Amino acid sequence: MTEITEVPSPFCGIGTDDLSIQVDGLSLKVSENGCAVNTPAFEQAMTDTRARVDGKEVGLDVAVAKAAELLRASNQPVIGGCATDVNGMRGVMALADHSGAVVDNMNFTGARRNFLALQDTGWMNTTLAEIKNRCDFLLVVGVDLEGFAPRFFERYLWNKESMFLDDTSQRIVVYIGKAPSGDASTSPAGLKAKVLPCADADLPEVMAVLRALVKGNKVVAENICGIALSDLQAVAEQLKAAKYGVVTWAAGALNFDQAELTVQMLSEMVKDINTMDTRCSGFPLGGKEGDQTANQVCGWTSAYPARARFSSGFPEYDPFLYDSNAMLANGEADVLVWVQAFNVASVPPQTDLPTIVVARSGMTFTKEPDVFIPVGTPGIDHAGHAYRLDNVVAIRLKKLRDSGLPSTADVLNAIEQAL
Amino acid sequence: MLIKLTGGTVYDPASGIDGKVQTLYVQDGKFIKQPASDVKIDKEYDLKGKVVMSGAIDMHTHIGGGKGNIARMLIPEDHRKDPVHRSDITRSGCGHAMPSTFTTGYRYAEMGYTAGFEPAILPINARQAHMEMADIPILDKGGYVMLGSDDYLLRMLTAKKDQKAINDYVAWTMNAAKAIGVKVVNPGGINAFKFNQRQLDLDEKNTHYQVTPREILQVLATAVKEIGVKHPLHVHGCNLGVPGNVETTLDTMQGIGGLPMHLTHIQFHSYGTEGDFKFSSGGAAIAESINKHKNITADVGQILFGQTITASGDNMRQHANHGFANPNKWVCMDIECDAGCGVVPFKYRDQNFVNALQWAIGLEIFLLVDDPWRIFLTTDHPNGAPFTTYPHLIRLLMDKSFRNDMLATIHPEAQKMTTLASIDREYSLQEIAILTRAGAAKLVGLEDRGSLAEGAWADITVYTEDADREKMFEKPDYVFKDGELVVVDGKVVHTKWGTTHIVRPDWDTSVEKDLQKYFDRFMTMKVGNFKISDDEITEDGRGSLTVHSLNGGT
């Protein structure tokens with residue numbers, strides 16, 4: 001048995017890289033700095049080692065040939081999931097370009113709320129180290145932050161030392177919308193987060209009023225969706241008084257119609273504050289199961305985020321039309337490729353179409369796909385790169401064990417070559 | 001494979017050859033001496049009457065890194081106007097202002113370029129820069145790592161660490177980020193913006209660190225020289241775009257006290273405050289100062305009219321200019337106690353007085369700097385214009401009557417504020433070869449590139465003479481990369497992967513102890529996970545590293 005230290009995680013999105021992992025043959029055990037997200041993801045047992053066609057175990061070359069045959073016969077394949085590392089996503093892009101597929105990251109419908117706001121007006125954002133050292137006021141909008149990333153507070157807010165704050169335990173945390181599920185947001189000095197709860201669907205109204213108050217506009221109502229105007233007024237004053245306020249949200253958690261307008265509202269509010277003689281930044285939460293990786297790699301190879309179509313021979317981007325679930329439901333696709341190297345629970349959408357699954361060893365199906373090729377997990381079975389939620393830092397994933405499983409890139413490149 | 005290139009008119013300033021008819025021989029990717037008469041030639045190209053230069057090198061082009069990808073994400077409407085089809089040998093993509101990586105490689109190669117250098121690699125974002133550049137086919141690449149607004153350096157300056165310690169940190173960072181040069185952007189200004197400072201002049205103090213841009217420039221320029229890096233400190237100065245910044249720029253040149261320094265996109269730093277609009281050309285004063293200070297080099301950052309997008313590490317200035325965003329959307333980021341970025345779409349218009357004068361100022365600088373070895377042809381892609389405008393820019397430099405015809409179409413008040421019409425200079429082919437080949441290779445510190453001499457790598461561009469220089473330079477007859485034919489008649493016929501150029505200056509290993517402590521206390525990753533290993537560049541079997549020598553023989 002060996003122990004590997006300073007292991008980076010591709011699972012939690014916040015780029016924790018201080019895990020210690022004991023490796024005993026193919027079995028892994030997180031011995032230090034695990035969390036509810038990372039520990040089970042690392043410790044997930046490896047089961048399948050051989051590819052299957054129509055449920056029968058076959059050699060990798062046979063499975064690859066079958067996948068290529070299905071794609072050759074296809075007029076409009078879709079590649080869903082897209083949950084893998086940088087090289088795996090490069091493989092997705094090459095295969096999509098060659099086969100004229102749609103590329104659709106599994107978290108794009110959530111991320112679309114951010115992209116629509118970005119592509120309409122833009123934003124001012126920050127990254128984890130700036131939060132760790134500068135943030136003196138954190139506003140959490142519509143998300144249970146510790147449920148999203150269990151170690152966020154420990155690593156980036158209640159860090160003992162910071163370069164620019166004398167006492168990190170005096171940082172102020174306010175929640176609007178969902179209340180926190182635990183006490184991680186309570187500071188080491190015992191300071192509890194202030195919570196202004198409201199229904200998710202009321203966030204558009206609450207954020208609109210908050211922005212109006214930040215701008216000094218008169219608001220006549222006294223109660224906004226259950227929140228007292230004076231409470232919102234206090235938040236507005238705190239945002240303006242902070243030296244380095246941060247407003248965070250998770251697009252995936254804003255599960256209501258036209259949530260992009262709420263993202264836009266809070267992003268524009270952040271911009272407003274930066275014209276009021278202080279600094280403030282947005283901080284979108286995401287980065288799970290390779291979603292930032294998918295968007296980054298699709299971004300530089302096609303110039304568009306990871307919902308693009310290649311069947312015209314060139315990339316076309318449409319955040320609504322190329323939703324793979326909608327395409328499957330509307331009969332607009334004829335082959336599904338599902339790529340998911342991280343999470344065995346994230347199975348392909350139900351469909352009667354020919355299905356090729358390139359996924360983490362151990363995935364089980366209610367309906368056996370036509371082709372199943374188990375692949376190694378980036379950061380466990382092979383080295384690689386994955387993007388953290390703040391989209392700037394790509395972490396270098398380590399190989400922890402010798403499983404013999406091919407990588408996503410190996411498999412997708414082989415299929416592309418076989419076309 | 002032995003290739004013979006017969007009878008072309010060769011422009012090879014690195015070897016002092018100016019328009020001489022010569023035959024070149026290439027074997028295994030490099031130029032060789034004329035072989036014995038009994039040696040079999042595998043392939044001969046008849047280049048009689050053609051112009052032969054080495055492959056062009058763009059020494060400052062934003063082709064890799066996070067801000068470029070933000071720029072791509074921000075403007076899907078711009079990509080839709082320029083879709084790029086896949087072919088049997090090339091990948092699909094999008095072009096225009098901020099092209100996809102594959103399209104970037106093809107389009108550079110199709111205009112005869114064989115190398116490009118990303119000038120603003122944030123240490124913390126260096127992996128992304130290299131990963132993006134790894135997906136740029138054909139071209140060689142490399143980059144300059146950004147320092148000067150990172151809290152680590154500013155803490156060192158406040159703590160009065162000696163120059164030796166700073167040299168070690170700079171050398172360590174260059175190794176960790178796999179760089180060939182060092183860049184500073186708005187020295188200390190990106191950091192000051194995080195403390196809510198909105199401007200930072202050369203002698204203005206960062207309110208937290210009490211350090212000035214002048215001090216930062218001094219220690220970094222010294223470090224680059226002392227650790228032996230051939231590319232001088234690459235400086236994006238203070239006050240980008242601010243009327244009156246010409247004084248700051250002149251002071252920056254004067255103040256560096258003879259240390260080697262490269263001033264980038266100097267056009268954006270050459271503005272006076274005269275005239276009815278309080279905006280005037282400092283082009284002549286800047287050119288005069290460059291002529292006088294032999295330690296100074298500069299690239300122009302020419303603007304050309306049309307839609308583009310600006311992507312810069314200088315979020316202080318980008319934020320100040322966000323009101324000019326066209327279309328009206330923009331992004332600013334503070335990044336990892338390391339730096340920042342700002343992305344603002346721009347549409348430069350010839351009937352806008354300021355834009356028109358910016359255009360003229362860039363050309364004035366090109367034409368008034370005497371020494372072609374110390375001035376470089378850039379648009380600061382995509383900030384002044386996309387790199388695909390280079391053939392047009394070359395025509396403006398080589399053809400006075402064309403230039404004056406263009407001048408006559410811009411905002412009339414801008415025409416009155418420039419001396420451009422009175423400048424007779426026309427660049428020669430040899431001078432263009434210096435700006436875009438020999439000079440660039442020398443400035444970046446590349447051995448065996450930018451030359452057609454025996455032993456050099458065979459990066460070659462062959463043009464057909466045409467009085468219309470734009471036509472001539474936009475469609476080479478042939479382009480060879482490492483001796484392989486990649487472009488015929490301005491179209492890619494074969495693709496390959498270029499190398500990544502780096503240097504590996506020495507550093508005292510003790511520097512990592514302090515860095516490890518700093519990373520553990522304040523950063524969000526382990527120092528060991530921060531450093532980029534060689535195999536990250538090479539493990540996919542496509543990438544390679546080419547290590548260049550340092551001054552002083554190390």
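Residues numbered from 1 in each chain as written. Chains lettered and ligands numbered in written order. Predicted model: local features only at pLDDT ≥ 70, side-chain atom pairs only at ≥ 80, totals over all residues.

Asker: Looking at this structure, how should I read the overall build of chain B?
Answerer: Looking only at helices and strands, chain B has 20 helices and 26 strands in total. Computed over its C-alpha atoms, the radius of gyration of chain B comes to 23 Å, within 12% of the 24 Å expected for a compact globule of 554 residues. Taking the principal axes of its C-alpha atoms as reference, chain B extends roughly 70 × 60 × 45 Å. (Helix = DSSP H or I, 4+ residues; strand = E, 2+ residues; numbered from the N terminus. Rg over C-alpha atoms; globule rule 2.2 N^0.38 Å.)

Asker: Help me understand the overall build of chain A in this model?
Answerer: In terms of regular secondary structure, chain A is built from 13 helices and 22 strands. By the compact-globule yardstick of 22 Å for 419 residues, chain A fits well, its C-alpha radius of gyration being 23 Å. With the principal axes as the frame, chain A shows a C-alpha extent of 65 × 50 × 35 Å. Considering only residue pairs separated by 6 or more positions, chain A has 65% of its internal contacts joining residues 24 or more positions apart. (Contact = placed C-beta atoms within 7 Å.)

Asker: How should I be thinking about the domain arrangement of chain A in this particular structure?
Answerer: A common way to state how big an interface is: give the accessible area lost once the parts meet. Residue and element names in this part refer to chain A. Segmenting chain A into domains produces domain 1 (47-107 + 289-418) and domain 2 (111-285). For domain 1 and domain 2, the distance between their C-alpha centroids amounts to 34 Å. Across the contact, 8 residues belong to domain 1 and 8 residues belong to domain 2. For the side of domain 1 that touches domain 2, the per-class residue count stands at 4 nonpolar, 2 polar and 2 charged. (Domains from an automatic or database assignment. Nonpolar A, V, L, I, M, F, W, Y, C, P; charged D, E, K, R; others polar.)

Asker: How do you make sense of the nonpolar core when you look at a structure like this?
Answerer: Nonpolar side chains in soluble globular proteins generally cluster together in the buried interior. Judged by nonpolar contacts, the single largest core of 314 residues is most densely connected at Ile79 and Val103 of chain A together with Val170, Val182 and Leu220 of chain B. In terms of residue count, the dominant contributor to this core is helix H12 (residues 353-368) of chain B (10 residues). If near-sequence neighbours (up to four positions away) are discounted, Val170 of chain B is found in contact with Leu147, Val182, Leu220, Ala223, Val224 and Ile227 of chain B. (Core = buried A, V, L, I, M, F, W, Y, C linked by C-beta atoms within 7 Å. Buried ≥ 20, exposed ≤ 12 C-beta atoms within 10 Å, placed from the backbone.)

Asker: I would appreciate a short explanation of the packing of helix H2 (residues 60-72) of chain A against helix H13 (residues 408-418) of chain A in the present structure.
Answerer: Two numbers describe a pair of packed helices, the interaxial angle and the distance between the axes. Residues and elements named next belong to chain A. Between H2 and H13, the shortest axis-to-axis distance is 8 Å and the interhelical angle comes to 55 degrees. With respect to H13, the axis of H2 lies oblique. When you trace H2 past H13, the crossing you get is right-handed. Residues Val64, Ala65, Ala67 and Ala68 of H2 form the contact with H13, whose participating residues are Val411, Ala414, Ile415 and Ala418. (Axes fitted to C-alpha atoms, helices over the stretch in contact; angles between N-to-C directions. Parallel < 35°, antiparallel > 145°, perpendicular 65-115°, else oblique. Left-handed = near helix turned anticlockwise from the far one by under 90°.)

Asker: When you look at the sheet that holds strand E18 (residues 335-340) of chain A in this model, what are you seeing that I'm missing?
Answerer: The pairing of strands in a sheet comes from backbone hydrogen bonds and takes either a parallel or an antiparallel form. All names here are of chain A. Across the sheet, 9 strands lie side by side as E5-E4-E20-E19-E18-E6-E7-E16-E17; this open sheet has mixed pairing. A single partner strand is all that each edge strand has here, and the edge strands are strand E5 (56-58) and strand E17 (316-317). Sheet topology places strand E6 (residues 77-83) next to E18; 5 bridges connect them, and they run parallel. Each bridged residue has a counterpart across the sheet, and for Ile79 the counterpart in E18 is Val337. (Pairing = 2+ DSSP bridges.)

Asker: What am I meant to see in the sheet that holds strand E1 (residues 2-7) of chain A here?
Answerer: Residue and element names in this part refer to chain A. Here 3 strands make up an open sheet; going across it, the order is E1-E2-E3 and the pairing antiparallel. The open sheet terminates on both sides in strands that have one partner only, identified here as E1 and strand E3 (27-32). Each neighbouring strand pair of the sheet contributes to a mean axis angle of 30 degrees, computed without reference to strand direction. In the sheet, E1 pairs with strand E2 (residues 19-24) via 4 bridges, with the strands oriented antiparallel. What sits directly across from Ile4, in E2, is Ile21.

Asker: Help me understand the environment of His62 of chain B in this model?
Answerer: Along the chain, His62 of chain B falls in the loop between strand E6 (56-58) and helix H1 (66-74). When the C-alpha positions of His62 of chain B and Thr310 of chain B are compared, they lie 9.8 Å apart, and in sequence the two are 248 residues distant.

Asker: Is there a simple way to think about helix H11 (residues 291-302) of chain A in this case?
Answerer: What sets the pattern is the α-helix's 3.6 residues per turn: residues three or four places apart point alike. Residue and element names in this part refer to chain A. For H11, with 12 residues, the first-to-last C-alpha span of 16 Å sits near the 16 Å given by 1.5 Å per residue. The buried count for H11 comes to 12 of 12 residues, which makes it a mostly enclosed element. Burial in H11 covers these residues: Asp291, Gln292, Thr293, Ala294, Asn295, Gln296, Val297, Cys298, Gly299, Trp300, Thr301 and Ser302. Looking one or two residues past H11, Ala303 carries a phi angle of roughly 80 degrees, positive in sign. (Expected span 1.5 Å × (residues − 1).)

Asker: What should I look at first to understand the environment of Thr249 of chain B in this one?
Answerer: Its location among the elements puts Thr249 of chain B in helix H9 (residues 245-255). Spatially, the C-alpha atoms of Thr249 of chain B and Leu202 of chain B are 9.0 Å apart, while their sequence positions differ by 47 residues.

Asker: Is there a simple way to explain the packing of helix H5 (residues 151-158) of chain B against helix H6 (residues 163-177) of chain B in this structure?
Answerer: Residue and element names in this part refer to chain B. At their nearest, the axes of H5 and H6 sit 11 Å apart, and the two run at 175 degrees to each other. On the basis of their axis angle, the class for H5 and H6 is roughly antiparallel. For the pair H5 and H6, the contacting residues are Tyr152, Leu153 and Met156 in the first and Ala165, Ile166 and Tyr169 in the second. Split by residue class, the contact of H5 with H6 holds 6 nonpolar, no polar and no charged.

Asker: Is there a simple way to think about the pairing of strand E19 (residues 339-348) of chain B in this case?
Answerer: For a regular strand, the rule is simple: side chains alternate between the two faces of the sheet. Residue and element names in this part refer to chain B. Burial analysis of E19 places 8 of its 10 residues in the buried class, which makes it a mostly covered element. Direction of pairing for strand E17 (residues 306-312) relative to E19: antiparallel, over a ladder of 7 bridges. What sits directly across from Thr310, in E19, is Val344. As defined by bridge partners, strand E18 (residues 330-335) adjoins E19 across 5 bridges and the pair is classed as antiparallel. For Asp334, the partnering residue across the bridge sits in E19 and is Gly340. Joining the antiparallel neighbours E18 and E19 is a turn of 3 residues, in which Glu336 adopts a positive phi near 50 degrees.

Asker: How should I be thinking about the interface of chain B and chain A in this particular structure?
Answerer: Listed by partner, the interface residues are 48 residues for chain B and 50 residues for chain A. Ranked by residues supplied to the side of chain B that touches chain A, first place goes to E18 of chain B with 6 residues. Taken together, the residues that form the side of chain B that touches chain A break down as 19 nonpolar, 14 polar and 15 charged. As paired strands, strand E8 (residues 122-125) of chain A and E18 of chain B are joined by 4 bridges and run parallel to one another. If you follow Met124 of chain A over to E18 of chain B, its bridge partner there is Cys332 of chain B.

Asker: How should I be thinking about unusual backbone geometry in this particular structure?
Answerer: It is generally the case that most residues other than glycine have a negative phi and that most peptide bonds are trans. Residue and element names in this part refer to chain B. Each neighbour pair has its own omega, and for Asn326 with Pro327 the value is 0 degrees, a cis peptide bond. You can see Pro327 is positioned in the loop between helix H11 (315-320) and E18. Note that the residue after His381, namely Pro382, is joined by a cis bond; omega there is 0 degrees. Relative to the helices and strands, Pro382 is located in the loop between strand E20 (375-376) and helix H13 (390-398). Phi angles above zero are rare outside glycine, and Lys278 is one such case at about 55 degrees. Given 11 C-beta atoms within a 10 Å radius, Lys278 is considered exposed.

Asker: Teacher, can you tell me more about helix H4 (residues 126-134) of chain B here?
Answerer: The element H4 of chain B is largely enclosed, with a buried count of 9 among its 9 residues. Those residues of H4 of chain B not exposed but buried are Ala126, Arg127, Gln128, Ala129, His130, Met131, Glu132, Met133 and Ala134 of chain B.

Asker: Whenever I open this one, the confidence of the model for chain B confuses me. Can you help?
Answerer: The predicted structure's coordinates, where accompanied by low pLDDT, should not be read in detail. For chain B, mean pLDDT is 97; residues scoring 70 or higher make up 100% of the total. The ipTM assigned to the predicted complex is 0.97, against a pTM of 0.98. (pLDDT = per-residue confidence, 0-100.)

Asker: Is there a simple way to think about the environment of Thr6 of chain B in this case?
Answerer: All names here are of chain B. Positionally, Thr6 belongs in strand E1 (residues 2-12). When the C-alpha atoms of Thr6 and Arg214 are compared, they prove to be 53 Å apart, with 208 residues separating the residues in sequence. Discounting residues that sit within four places of it in the chain, Thr6 has contacts with Thr23, Glu44, Tyr45, Asp46 and Leu47.

Asker: Just checking my understanding: could you explain the pairing of strand E15 (residues 279-285) of chain A for this structure?
Answerer: Residue and element names in this part refer to chain A. Judged by how many residues are buried, E15 sits mostly within the fold: 7 of 7 residues are covered. Residues Arg279, Ser281, Phe283 and Leu285 of E15 are buried on one face, and the alternating residues Cys280, Gly282 and Pro284, pointing to the opposite face, are buried as well. Two elements, strand E14 (residues 244-250) and E15, share 7 bridges in a ladder whose sense is parallel. Across the sheet, Gly245 pairs through a bridge with Cys280, a residue of E15.

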